[in-house]
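Each chain, letter by letter, is given below.
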Amino acid sequence: MVEHFAVRGGARLVGSVDVVGAKNSVLKLMAAALLAEGTTTITNCPEILDVPLMADVLRSLGCTVAVDHDTVTIDVPAEPGAQADYRSVSKLRASVCVLGPLVARCRRAVVPLPGGDAIGSRPLDMHQAGLRKLGATTEIEHGRVVAEAGDLHGAQIWLDFPSVGATENILMAAVLAEGTTVIDNAAREPEIVDLCTMLQQMGAKIEGVGSSTLTVHGVTSLQPTEHRVIGDRIVGATWAFAAAMTQGTVAVRGVDPHHLDLVLDKLRTAGADVTVGLEEFTVAMSGRARAVDFVTLPYPGFATDLQPMAIALAAVADGTSMITENVFEARFRFVDEMMRLGADARTDGHHAVVRGVERLSSAPVWASDIRAGAGLVLAGLCADGETEVWDVAHIDRGYPRFVENLRALGADIERVAADPVR
């Protein structure tokens, strides 16, 4: 028996929704706790499947981890283990972020190549190249990244692409390296800023936070800390798209709207009325959205994680939209599922052309990753009849209380346990 979501379209979403901590931040913060002996506490954590999975990764390294609703407490031993458990690592991509902290603390790391969403290749070349610059040796052996270092030293590191994961791993190794490290073309995502903030609280010396150049002055040791995770901008933006697609009005609380400046501008162009506050914003749409083009790019560009939502909006908008994907080559597999729902869409390489229709038609569809699953649910809210969205474990990995929040906004959706039929 497996679960699916039964979504019946036609409702306008109206009301307010609270956003908790960012999935793309909390897992990296949990890994950063490895950098200091003692107890680190992380609050405002999302209650999603990936948090206990990451807890298992840390337990395999000798940590004691307690997950209590939105609080994670991590007790790190004086000598953590250097080899991560394959079964734990294989379940989520973000587990590779223990590589940098382990090299920094243990001078050795053995991390199986990670699993996670099927959205395209995400090689670890830049992670390894950065660690080599810091003085480590790295190689792939038997499906594992093996890194070793005598002493880590500061270095000048240029990233060919502003990779979030590579920036994080190199940054976490550099904070305990001797001397100064400069990371050029570093990722600038709010989640990187959140990680830098926690590391600074632990005693790290980092300059240029929020810019494309990070300067790290290594220290000999760090201290455990307590840190609150920033609000999840991807979840917040998902609710914004849901309001626009269903011609509703939704207030989103608990996320910095400036982390979504481009997203909210796109929704304004589509015809939405958008108002912003300190840690909240409201999206209201009266009438059908206008077609808008989207191009995914590293932050502050339009996030690749929101590409499925952009396609879902385009599918019901008035006019033709072009969506260009510049980050993950396999993310357009989502379009095939949208076409099951009656979307008029075609893909060619990095581009998708979507001609909006007034209403989609219900069908059984399958989520290939977290964001694709959310996009299919939003599409189901704009379809005639009942849409079944399968493989919803993906959605549970990124969206806490997803069904409950949608129902509170007026959506007709329920979680159903049944045998799947393909």
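The shown structure was predicted, so the numbers you read here are calculated from the model rather than taken from an experiment.

Details of the overall build of the protein chain
- Broken down by element type, the protein chain carries 14 helices and 25 strands.
- Against the globule reference of 22 Å for 422 residues, the protein chain gives a C-alpha radius of gyration of 21 Å, in line with a compact fold.
- Its C-alpha atoms put the protein chain at 65 × 45 × 40 Å along the principal axes.
- For the protein chain, the residues scored as buried account for 55% of the 422 residues in total.
- Relative to all contacts within the protein chain whose residues are 6 or more apart in sequence, the contacts with residues 24 or more apart total 73%.

A look at the pattern of salt bridges
- Scanning the model with the defined rule gives 17 salt bridges in all.
- Where Asp50 meets Lys23, a salt bridge forms, and the shortest distance between an N and an O atom there is 3.6 Å. Taken together, the residues Asp50 in helix α2 (residues 50-59) and Lys23 in helix α1 (residues 23-32) connect sequence positions 27 residues apart.
- Taking the shortest distance from any N to any O, the salt bridge between Asp50 and Arg397 comes out at 2.8 Å. Here Arg397 lies in the loop between α13 (393-396) and α14 (402-408) and Asp50 lies in helix α2, a separation of 347 residues in the sequence.

Digging into the packing of aromatic side chains
- Overall, the coordinates contain 6 aromatic pairs when judged by the stated rule.
- Taken together, a centroid distance of 5.1 Å and an interplanar angle of 55° make the contact between Tyr399 and Phe402 tilted. The residues Tyr399 and Phe402 share a single accessibility class, namely buried.
- Ring pairing ties together the aromatic residues Phe5, Trp239, Tyr399 and Phe402, which thus form one cluster.
- Between the NZ or CZ atom of Lys266 and the centre of the ring of Phe294, over which it lies, the distance is 5.5 Å.

Digging into the nonpolar core
- Phe5 and Met338 are the most contacted members of the largest nonpolar core, which totals 76 residues.
- Of the residues forming this core, the biggest block, 10 residues, is contributed by helix α8 (residues 233-245).
- Excluding residues that lie within four positions of it along the chain, Met338 makes contacts with Ile311, Ala312, Ala315, Ala343, Leu360, Leu376 and Ala379.
- One finds Ala55, Cys63, Leu124 and Leu152 within the second-largest nonpolar core, a separate group that totals 74 residues.

A closer look at the packing of α8 against helix α10 (residues 307-316)
- With their axes 10 Å apart at the nearest point, α8 and α10 run at an angle of 5° to one another. In terms of axis orientation, α8 runs roughly parallel to α10. For the pair α8 and α10, the contacting residues are Thr238, Phe241, Ala244 and Met245 in the first and Met309, Ala310, Ala312, Leu313 and Val316 in the second.
- Considered class by class, the residues forming the contact of α8 with α10 number 8 nonpolar, 1 polar and no charged.

Regarding the state of the cysteines
- Scanning the entire structure with this criterion turns up 0 disulfides.
- Residue Cys63 stays outside any disulfide, its sulfur separated by 9.4 Å from that of Cys106, the closest cysteine.
- Note on Cys63: relative accessible area 6%, which makes it buried.
- Left without a disulfide partner, Cys97 is nearest to the cysteine sulfur of Cys63, which lies 12 Å away.
- For Cys97, a relative accessible area of 2% translates into the label buried.

Some thoughts on the sheet that holds strand β22 (residues 364-366)
- Taking strand neighbours across the sheet as the criterion, the 4 strands line up as β22-β24-β1-β25 in an open arrangement whose pairing is mixed. Edge positions in the sheet fall to β22 and β25 (412-418), since each of these pairs with one other strand and no more. Here the strands of the sheet are splayed against their neighbours by 25° on average, with no regard to which way each runs.
- Pairing analysis gives 3 bridges linking β22 to strand β24 (residues 386-390), with the strands arranged parallel. Opposite Val365, over in β24, you have Val389 as the bridge partner.

A look at α2
- The buried fraction of α2 amounts to 7 of the 10 residues, a majority that puts the element mostly inside the structure.
- Listed in full, the buried residues belonging to α2 are Asp50, Val51, Leu53, Met54, Ala55, Val57 and Leu58.
- The elements touched by buried residues of α2 are α1, β4 (64-68), β5 (71-76) and α3 (86-89).

Regarding the sheet that holds strand β17 (residues 294-295)
- As summarised here, the arrangement of the 4 strands in space is β17-β18-β20-β19, forming an open sheet in which the pairing is mixed. In this open sheet, the two strands that pair with only one neighbour each are β17 and β19 (344-348).
- The strands touched by α10 within the sheet are β17, β18 (320-324) and β20 (351-355), with β20 carrying the most contacts at an inclination of about 30°.

Comments concerning helix α7 (residues 190-201)
- With 12 residues, α7 extends 17 Å from end C-alpha to end C-alpha; this agrees with the ideal 16 Å at 1.5 Å per step.
- Looking at α7, one finds that the buried residues are Pro190, Glu191, Ile192, Asp194, Leu195, Cys196, Met198 and Leu199.
- Just downstream of α7 lies Gly203, where phi reads positive at about 110°.

Some thoughts on the UniProt feature "binding site: phosphoenolpyruvate" (unreviewed entry) in the protein chain
- Here, the residues flagged by UniProt with the feature "binding site: phosphoenolpyruvate" (unreviewed entry) are Lys23 and Asn24.
- Contact partners of Lys23, with chain neighbours within four places excluded, come to Pro46, Ile48, Asp50, Asp232, Ile370, Arg371, Arg397 and Gly398.
- Note on placement: Asn24 falls in helix α1.
- Judged by relative accessible area, Asn24 falls into the partly exposed class, the value being 22%.
- Apart from residues lying up to four places away in sequence, Asn24 is in contact with Glu168, Glu191, Ile234, Asp305 and Arg371.

Some details on the packing of α8 against helix α12 (residues 370-380)
- One can describe the packing of α8 onto α12 by two numbers: an axis separation of 10 Å at closest approach and a directional angle of 20°. Between α8 and α12, the interaxial angle falls into the category roughly parallel. The chirality of how α8 crosses α12 is right-handed. Two secondary-structure elements touch here, α8 through Ile234, Val235, Thr238, Phe241, Ala242 and Met245 and α12 through Arg371, Ala374, Leu378 and Ala379.
- Classifying every residue of the contact of α8 with α12 gives 8 nonpolar, 1 polar and 1 charged.

Scoring rules and cut-offs
- Starting from 1, residues in each chain are numbered consecutively following that chain's sequence as written.
- In keeping with the predicted nature of the model, local features appear solely for residues at pLDDT of at least 70, side-chain atom pairs appear and are counted solely at 80 or more, and the whole-chain, interface and lining totals rest on all residues.
- To obtain the side-chain values, all non-hydrogen atoms of the structure were used and water was disregarded.
- We count a stretch as a helix when DSSP gives it H or I for four or more residues in a row; a strand needs E for two or more, and each element gets its number in order from the N terminus.
- C-alpha atoms define the radius of gyration in this analysis, and the globule rule sets the expected value at 2.2 Å times the number of residues to the power 0.38.
- Using a 1.4 Å probe on the protein chains alone, a residue whose accessible area is under 20% of its type maximum counts as buried, one over 50% counts as exposed, and one in between counts as partly exposed.
- The contact criterion used is simple: two residues touch if any of their non-hydrogen atoms lie within 4.5 Å.
- Throughout this description, the term salt bridge denotes a Lys or Arg side-chain nitrogen within 4 Å of a carboxyl oxygen of Asp or Glu.
- Put simply, two rings from Phe, Tyr or Trp (the six-membered ring, in Trp's case) pair if the centres are within 6.5 Å, and we call them stacked under 30 degrees between planes, edge-to-face over 60, tilted for the rest.
- Note on criteria: charge over ring means Lys NZ or Arg CZ within 6 Å of the ring centre, with the direction from the centre no more than 35 degrees off the ring normal.
- Think of a nonpolar core as a cluster: buried Ala, Val, Leu, Ile, Met, Phe, Trp, Tyr and Cys residues, connected wherever their side-chain atoms sit within 4.5 Å.
- Axis angles are defined between N-to-C directions and span 0 to 180 degrees, where every axis is a line fitted to C-alpha atoms and, for a helix, only to the segment in contact.
- For classification purposes, angles smaller than 35 degrees are called roughly parallel, those larger than 145 roughly antiparallel, those between 65 and 115 roughly perpendicular, and all remaining angles oblique.
- Gly is placed with the polar residues, together with every amino acid not listed as nonpolar (Ala, Val, Leu, Ile, Met, Phe, Trp, Tyr, Cys and Pro) or charged (Asp, Glu, Lys and Arg).
- Two cysteine sulfurs form a disulfide in these notes if their separation is within 2.5 Å.
- Whether two strands pair comes down to DSSP finding at least two bridges between them.
- Each residue after the first adds 1.5 Å to the expected span of a helix.
- UniProt positions are given in the numbering used here, feature names are shortened, and annotations may be inferred rather than shown by experiment.
- By convention, the crossing between two helices is left-handed when the near helix turns anticlockwise from the far helix through less than a right angle, and right-handed when the turn is clockwise.

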